Amino acid sequence: MEKKLKRATLCVQAGWKPKNGDPRVLPIVQSTTFKYDNTEEMADLFDLKKEGYFYTRLQNPTNDAVASKIAALEGGVGAMLTSSGQAANFYAIFNICEAGDHFVTSNEIYGGTYNLFGVTLKKLGIECTFVSQEASEEEISAAFRPNTKALFGETISNPGCKVLDIEKFARIAHKHGVPLIVDNTFPTPINCRPFEWGADIVTHSTTKYMDGHATQVGGCVVDSGNFDWDAHADKFPGLCTPDESYHGLTYTKKFGKMAYMTKLVAQLMRDLGSIPGPQNSFLLNLGLETLHLRMQRHCENAQRVAEFLKQDERVAWVHYSGLPGDECHELAQKYLPNGSCGVIAFGLKGTRETAVKFMDSLQMIAIVTHVADARTCVLHPASHTHRQLSDEQLREAGVAPDLIRLSVGIEDVEDILADIRQALDQI
């Protein structure tokens, strides 16, 4: 039934299906364990012979209902919640990569993800090659190796606000027999569903627009169910050969389209345990119920603010794909026809100190290490989220020293513009 419903209805109705006499609102199942009447029933759960709940690290009814809602919104076969967006990206890669493997990623990605991929995963023996997403298919293909297992990108890059050519990336990935993984945090499935453009796996930092109120940290991995793992079995032994930790079952043979998701839960979450608490998932679900309303307002407000900044002589440049003439406007018209998100990247004429003076002069708009919630906020990535990167790495990641990331909220746009105007008057 859910696949026939519109996205706005899925935001409100998907995931939790109360039966007669059940609570109408998704309940918080704040329990680590679940009771069974006999040993055999629980043994079948441990052997993946039956579905059910026995320990919250693996599955929890509250978490699963919210994961199911996000899967429905993205049009996927299944989803798993994680304790953060960083955990989601780690799990998405680590589920198909192990020591000695390699993957390719756009360099236009969030600084934390850049560090995860380029530094931390390298310590686990997994290498990645960063490529420009604007490069030709031939140039990007040249980065692939025999041991390459995935291609990664962000629908809208954080903080550069570049739009990914999803179809191009999907063609490249599939030509090399690997899945395309897309972080869809900024547009959310309200404004873009990457599976419809050829992506295979989607990740989210649910901390951002999905929650929308900065109340919980979380992430999600969603599988389309479309990638044929067995067609490339030599590349993905973890999915296509027996898992001795489950008495030799083979995920693709036993679980079909749910192979990737089942391994993600039954093996990685079992061993690494980056789960969200049920209370966090409950809060996330409250945010999801209004996601379709908030995204529309975020986009309307951001368009007004971007147009204002573009016309102000004190502003050196603005990146917002909703602006005609923006380098990503054409891609946005294709992939994001109903709007992109509320995040704008721009720079001021002057020095890095000019950006700092502007930000420190804001009154209603807050400087926070966060983005994409109901409140308008601002950040200087080179000084904050991306400060671990060298100047060369900053340039490669599309982060100029003067880049200001403005996350436009859902307040009255005239108040947002007034605060920006008075802060510009201070520089």
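In what follows, the accompanying structure is described.

What counts as what
- Residues numbered from 1 in each chain as written.
- Predicted model: local features only at pLDDT ≥ 70, side-chain atom pairs only at ≥ 80, totals over all residues.
- Heavy atoms only, no water.
- Helix = DSSP H or I, 4+ residues; strand = E, 2+ residues; numbered from the N terminus.
- Buried < 20%, exposed > 50% of the residue type's maximum accessible area, 1.4 Å probe, protein only.
- Contact = heavy atoms within 4.5 Å.
- Areas by Shrake-Rupley, 256 points an atom, 1.4 Å probe, with all protein chains shown as cover.
- Pairing = 2+ DSSP bridges.
- Axes fitted to C-alpha atoms, helices over the stretch in contact; angles between N-to-C directions.
- Salt bridge = Lys/Arg side-chain N within 4 Å of Asp/Glu carboxyl O.
- Core = buried A, V, L, I, M, F, W, Y, C linked by side-chain atoms within 4.5 Å.

**Considerations on the overall build of the chain**
So, point 1. Of regular secondary structure, the chain possesses 17 helices and 12 strands.
So, point 2. Expressed as lengths along the three principal axes of its C-alpha atoms, the size of the chain is roughly 70 × 55 × 35 Å.
So, point 3. The burial tally for the chain puts 56% of its 427 residues in the buried class.
So, point 4. Sequence separation of 24 or more characterises 72% of the internal contacts of the chain that already satisfy a separation of 6 or more.
So, point 5. If you sum the accessible surface of the chain, you get close to 17,700 Å²; carbon and sulfur atoms cover 50% of it.

**Topic: the pairing of strand 7 (residues 219–223)**
So, point 1. Counting buried residues in strand 7 gives five out of five residues, a clear majority hidden from the surface.
So, point 2. On strand 7, burial covers both faces: G219, V221 and D223 on one face and C220 and V222 on the other are all buried.
So, point 3. Where strand 1 (residues 78–82) meets strand 7, five bridges bridge the pair, whose relative direction is antiparallel. By the bridge assignment, A79 is partnered in strand 7 with V222.
So, point 4. Here strand 6 (residues 201–205) pairs with strand 7 via five bridges, running antiparallel. In the strand pairing of strand 7, T203 is matched with V221.

**Notes on the sheet that holds strand 9 (residues 343–348)**
So, point 1. Read across the sheet, five strands follow the order 8-9-12-11-10 without closing on themselves; strand pairing throughout is mixed. Both edges of this open sheet fall to strand 8 (315–319) and strand 10 (366–367), since each of them pairs with a single strand only.
So, point 2. Here strand 8 pairs with strand 9 via four bridges, running antiparallel. Its bridge partner lying in strand 9, V315 is registered against L348.
So, point 3. Taken strand by strand, helix 13 (residues 291–311) contacts strand 8, strand 9 and strand 12 (404–407), and its axis lies near 15° from that of strand 9.

**Examining the pattern of salt bridges**
Side chains that carry opposite charge are capable of pairing whenever their charged atoms lie near each other.
So, point 1. Counted by the stated rule, this structure contains 15 salt bridges.
So, point 2. Between D101 and K149 there is a salt bridge whose closest N-O contact spans 2.9 Å. Here D101, found in the loop between helix 4 (85–94) and strand 2 (102–106), pairs with K149, found in strand 4 (residues 148–154); they are 48 residues apart in sequence, far enough to count as distant. Grouping residues by exposure puts D101 and K149 together as buried.
So, point 3. A salt bridge links R171 to E137; the nearest nitrogen and oxygen atoms lie 2.6 Å apart. Residue R171 is found in helix 7 (residues 166–175), and its partner E137 is found in helix 6 (residues 137–141); the two are separated by 34 residues along the sequence.
So, point 4. For E137, a relative accessible area of 24% puts it in the partly exposed group.
So, point 5. Connected via shared salt-bridge partners are E108, K162 and E327.

**Quick word on unusual backbone geometry**
So, point 1. Cis geometry marks the peptide bond from N158 to P159; its omega dihedral reads 10°.
So, point 2. Positive phi outside glycine occurs at T188, with the angle close to 60°.
So, point 3. Along the chain, T188 falls in helix 8 (residues 188–191).
So, point 4. The phi dihedral of H247 falls on the positive side, at around 55°, and the residue is not glycine.

**Notes on the nonpolar core**
So, point 1. Ranked by internal contacts, the top residues of the largest apolar core, which has 98 residues, are I70, I96, F103, F117, L180, W229 and Y260.
So, point 2. Looking at which element gives the most residues to this core, the answer is helix 11 (residues 259–272), with eight residues.
So, point 3. Leaving out residues up to four positions away in the same chain, L180 has contacts with L151, I166, F169, A170, A173, A199, D200 and I201.

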